[in-house]
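Report on the structure
Residue-level listing of the chains:
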Amino acid sequence: AHGFQLWAHELTSGNTRKVTTINEGHGHAYPGDNMHAVIGDAVYFDALTLEHGVELWAHGLSNDTTWFVGDLFNGTGSSNPGRNMSHVVGTTLYFDVTNGPNPSELWAYDTVNTSLWQVTQIFDQASMGATADGIGGLFSTQVGHTLYFNANDGHTGHELWAHDLMHGHTWQVADLHQGNTSMPGQTMSTVVGDTIYFSANDGIHGAELWAHSTDNASTWLVQDVSTGANGSYPGAYLEMLAGDTLYFSATTDGAGVELWWMTMEHMVFYG
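Notes on the structure follow. Every chain begins its residue count from 1, and numbering advances along the sequence as written. Owing to the predicted nature of the model, reporting of local features is limited to residues with pLDDT of at least 70; listing and counting of side-chain atom pairs is limited to 80 or more, with chain, interface and lining totals taken over all residues. The side-chain quantities take in all heavy atoms of the structure and omit both hydrogens and water.

**Some points on the overall build of the protein**
Quick note on the threshold: Working definition: helices are DSSP H or I runs of at least four residues, strands are E runs of at least two. Numbering for both runs from the N terminus. Only protein chains enter the area calculation, which uses a 1.4 Å probe; residues under 20% of their type maximum are buried, those over 50% are exposed, and those in between are partly exposed. Here, residues are in contact when the closest pair of their heavy atoms is within 4.5 Å. Here the open area of atoms and residues is found with the Shrake-Rupley method and a 1.4 Å probe, where only the protein chains shown may cover a residue.
Within the protein, the secondary structure is distributed over zero helices and 21 strands. The principal-axis extent of the C-alpha atoms belonging to the protein is close to 60 × 50 × 35 Å. Residue burial in the protein is summarised as follows: out of 271 residues, 45% are buried. Sequence separation of 24 or more characterises 36% of the internal contacts of the protein that already satisfy a separation of 6 or more. Carbon and sulfur atoms form 51% of the exposed surface of the protein, whose accessible area is close to 13,500 Å².

Here you go:
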């Protein structure tokens, strides 16, 4: 009767109910199609309305109210908040936003003082002929107080970038395929301790397993599984960390797609 809307199920009583009707009279709202997060006593999610397009909404769990957080793409255009990445850091929600013809950028919403702002500008709007899908479309992760994600500045293609949440600094971590794009994390991304293991194509070895230490800021090729420029596309079918062993699928010319593993030695975790 109302299309896709926000619903709730009470585990104790077994009662199920429709929480609210967004986009009243115009059909589906698709709440949470891109992102959803619980911060304090509120649920934050994207939703569609005829008036604003797909934007950021919230629902208070204690007072059962639903409200429109902000129109990040003015008018009926959709900013699609969190379509590629979203992270909760304390009481702040970080997510990607598209508010024009250029690819998405990193934004933030402080749930305490209700401030909403663009965190950084990575894509060079003056770049000519560049194509980009926005930040975090391949992978994004948080290590300590830093967000790591893929991004395209319009000149170097999709490479590994980072944003320091404490100091507000944003930088390109590594340009692995100079003059082109390395597509970091396209098939695999896993954090082990203070190291990010991810797939990337440097233009020489093809798509292989790389690593970046967030401790000493070094980046290196872990293993050239499939020699030559084709690459093994690690993790395209499976990636899993079990204990101190990383399991992943990889392709070689002779064996096809098989299961590989790598043991992490001398790992120390601090709580």
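There is more to say after this.
**Concerning unusual backbone geometry**
Even without glycine at this site, Asn23 takes up a positive phi of about 65°. For Asn23, the location among the structural elements is in the loop between strand S2 (16-20) and strand S3 (36-39). For Asn23, a relative accessible area of 9% gives the class buried. Notably, Thr114 is not glycine yet its phi reads approximately 55°, a positive angle. With respect to the helices and strands, the residue Thr114 is situated in the loop between strand S9 (105-110) and strand S10 (115-118).

**Remarks on the packing of aromatic side chains**
Let me state the cut-off plainly: Each aromatic pair joins two rings of Phe, Tyr and Trp (for Trp, the six-membered one) with centres within 6.5 Å, and gets the label stacked for planes under 30 degrees apart, edge-to-face for over 60, and tilted for any other angle.
Per the stated rule, a full pass over the model turns up four aromatic pairs. Ring centres of Trp57 and Phe68 lie 5.3 Å apart, and the angle between their planes is 55°; this geometry places the pair in the tilted category. Here Phe68 lies in strand S6 (residues 66-70) and Trp57 lies in strand S5 (residues 53-60), a separation of 11 residues in the sequence. Classification of Phe68 as partly exposed rests on a relative accessible area of 27%.

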